[in-house]
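# Structural description and commentary
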Amino acid sequence: MANLIPDIVARSAEFKGIRRLLHAHPETAFEEHETGALIASKLKEWGIEVHCGIGGTGVVGVLRGRPGDKCIGLRADMDALPMQEGNSFAHCSRHREKMHACGHDGHVAMLLAAARQLAESSEFKGTVNFIFQPAEEGGSGAKRMIADGLFERFPCDAVFALHNWPGLAAGTFATRPGPIMASCNEFKITIHGKGGHAAIPQQSNDPILAAAQVVSALQSVVSRNTSPLDSVVLSVTRLQAGTGFNIIPDSAQIGGTVRTFSLPVLDMMEKRMESICKLTAQAHGCSAEFRFLRQSIPTVNDAEQTALALDVMRSVVGQDQVNAEAEPTMGAEDFAFMLAKRPGCYAFIGNDAQSPATERFGLHHPRYDFNDDLIPLGASYWVKLVNAFLD
Ligand code: NI
């Protein structure tokens, strides 16, 4: 049995209600106005100082305990995804094409439950900053909050975040020191050739042939230029050209994504890709425009803070329920920008109900739903982490 905080367990129905209310009213990147207002009103109700509009729609709650110098930041993302919910239960989304399919509704509920508990029993020494972040799903809300002075206005010695994880059983936690999620980058290539009649190819410079060669050659960067011990993904996901069977088009577009766990490897990827596409295009009498957009850097956990977080997880669910060597994923998380500024730990909390009768859906699936049983677990972790860190 997990070692949960009894007051949090006693209030779990209240926070399950808040979680379901958020689920029914999802808001996407930088539009989290109602969500932010609900968070702010709850924090105020519990006597927590509230700051709104940080990095757009971000909300920060500041709670001071007994006099002390140390400060901790706890982050919950609060945005939903632009997709139609496929569930029909009572708390399903009331907003068309918007859905909490990543469980950020649950992340908010867990952090609110912890905030209330800490506000009522502020025996800790120092300051807790509750960071409710907008636009985690590709909107770089963390970056916006930092640019808006997050860490100058609300100093944090370390920052922590939790993400629910389908595929891991409820009642378990997993994390690891070092890289846990990858950098996320988008590339866009335009091959400029010379269009013309398909029956007279000698008068054209065919951008489709050049694009095909570029797509093949790009795959050599992972297999031939990257150390076998480094993990990298390069996926070409878009290839567009042409309008008719008898026309050689003027240009072709290629697009896709690159994921890496390290910045030097990312720099190498960008450089090699650029020269491959430019020189390959040139070899076919075409030219190439290459754009590389770095959306999110790798999420890298600090060894010392991760060791502390792991100890706290073990105190909540027991040694056997904590995986200290979680497999990193090639997905990305913009909490990475906070971890690049302050040491800390990003961790997974298992989401799958124990009962095999419960149907399970992955993150971003139209039938996904956050498991409410996690609220007392996540909130107990937050409270114990605050006490352990500030002690
Ligand atoms: Ni998410």
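These numbers come from a predicted model, not from an experiment.

### A word on the pattern of salt bridges
This model, assessed by the stated rule, comprises 18 salt bridges. The salt bridge partner of arginine 64 is glutamate 49, with a shortest N-O separation of 2.8 Å. Linking arginine 64 in strand 2 (residues 58-64) with glutamate 49 in strand 1 (residues 49-54), this pair joins segments that are 15 residues apart in sequence. When the shortest N-O distance is used, the salt bridge between aspartate 267 and arginine 294 registers 2.8 Å. Remark: arginine 294 occurs in strand 13 (residues 287-296) and aspartate 267 occurs in helix 8 (residues 263-283); sequence separation between them is 27 residues. A cluster of three or more residues bridged by salt bridges with shared partners is formed by Arg19, Arg20, Asp105, Asp369 and Asp372.

### Considering the packing of helix 4 (residues 104-120) against helix 11 (residues 374-390)
Helix-helix packing is characterised by the crossing angle of the two axes and by the distance between the axes. The contact between helix 4 and helix 11 brings their axes to 8 Å, and the two run at 50°. By the angle between their axes, helix 4 is oblique relative to helix 11. The handedness of the crossing between helix 4 and helix 11 is right-handed. The segment helix 4 lies against helix 11, with Ala109, Met110, Leu111, Ala113, Ala114, Gln117 and Leu118 engaging Leu374, Ile375, Gly378, Ala379, Trp382, Val383 and Val386.

### Let's talk about helix 2 (residues 12-24)
Over its 13 residues, helix 2 extends 18 Å from the first C-alpha to the last, a length consistent with the 18 Å expected when each residue adds 1.5 Å. Taken as a whole, helix 2 has its buried residues at Phe15, Ile18, Arg19, Leu22, His23 and Ala24. Buried-residue contacts for helix 2 involve helix 3 (33-45), helix 4 and helix 11.

### Things to note about the coordination of the nickel ion
Taken together, Cys102 (SG), His104 (NE2) and His163 (NE2) make up the protein donors of the nickel ion, found 2.1 to 2.3 Å from the metal. When the donors of the nickel ion are listed by position in the chain, the intervening gaps give C-x1-H-x58-H. Residue cysteine 102 is found in the loop between strand 3 (66-77) and helix 4, and its partner histidine 163 is found in strand 5 (residues 158-169); the two are separated by 61 residues along the sequence.

### Notes on the sheet that holds strand 15 (residues 322-323)
Strand order across the open sheet formed by 8 strands is 1-2-4-3-5-16-6-15, with mixed pairing between neighbours. For this open sheet the edge positions go to strand 1 and strand 15, each flanked by a neighbour on one side alone. By the bridge criterion, 4 bridges tie strand 3 to strand 5 in an arrangement that is parallel. Bridge pairing links glycine 73 to valine 159 in strand 5. On top of the sheet, helix 4 reaches strand 2, strand 3, strand 4 (125-133), strand 5 and strand 16 (344-352); it is set at about 160° to strand 3, its chief contact. Sheet strands touched by helix 11: strand 3, strand 4, strand 5, strand 6 (173-174) and strand 16. Its angle to strand 3, the strand with the most contacts, is close to 150°.

Parameters at a glance
- Residues numbered from 1 in each chain as written.
- Predicted model: local features only at pLDDT ≥ 70, side-chain atom pairs only at ≥ 80, totals over all residues.
- Heavy atoms only, no water.
- Salt bridge = Lys/Arg side-chain N within 4 Å of Asp/Glu carboxyl O.
- Helix = DSSP H or I, 4+ residues; strand = E, 2+ residues; numbered from the N terminus.
- Axes fitted to C-alpha atoms, helices over the stretch in contact; angles between N-to-C directions.
- Parallel < 35°, antiparallel > 145°, perpendicular 65-115°, else oblique.
- Left-handed = near helix turned anticlockwise from the far one by under 90°.
- Contact = heavy atoms within 4.5 Å.
- Expected span 1.5 Å × (residues − 1).
- Buried < 20%, exposed > 50% of the residue type's maximum accessible area, 1.4 Å probe, protein only.
- Donors = N, O, S within 2.8 Å, 3.2 Å for Na, K, Ca; no water.
- Pairing = 2+ DSSP bridges.

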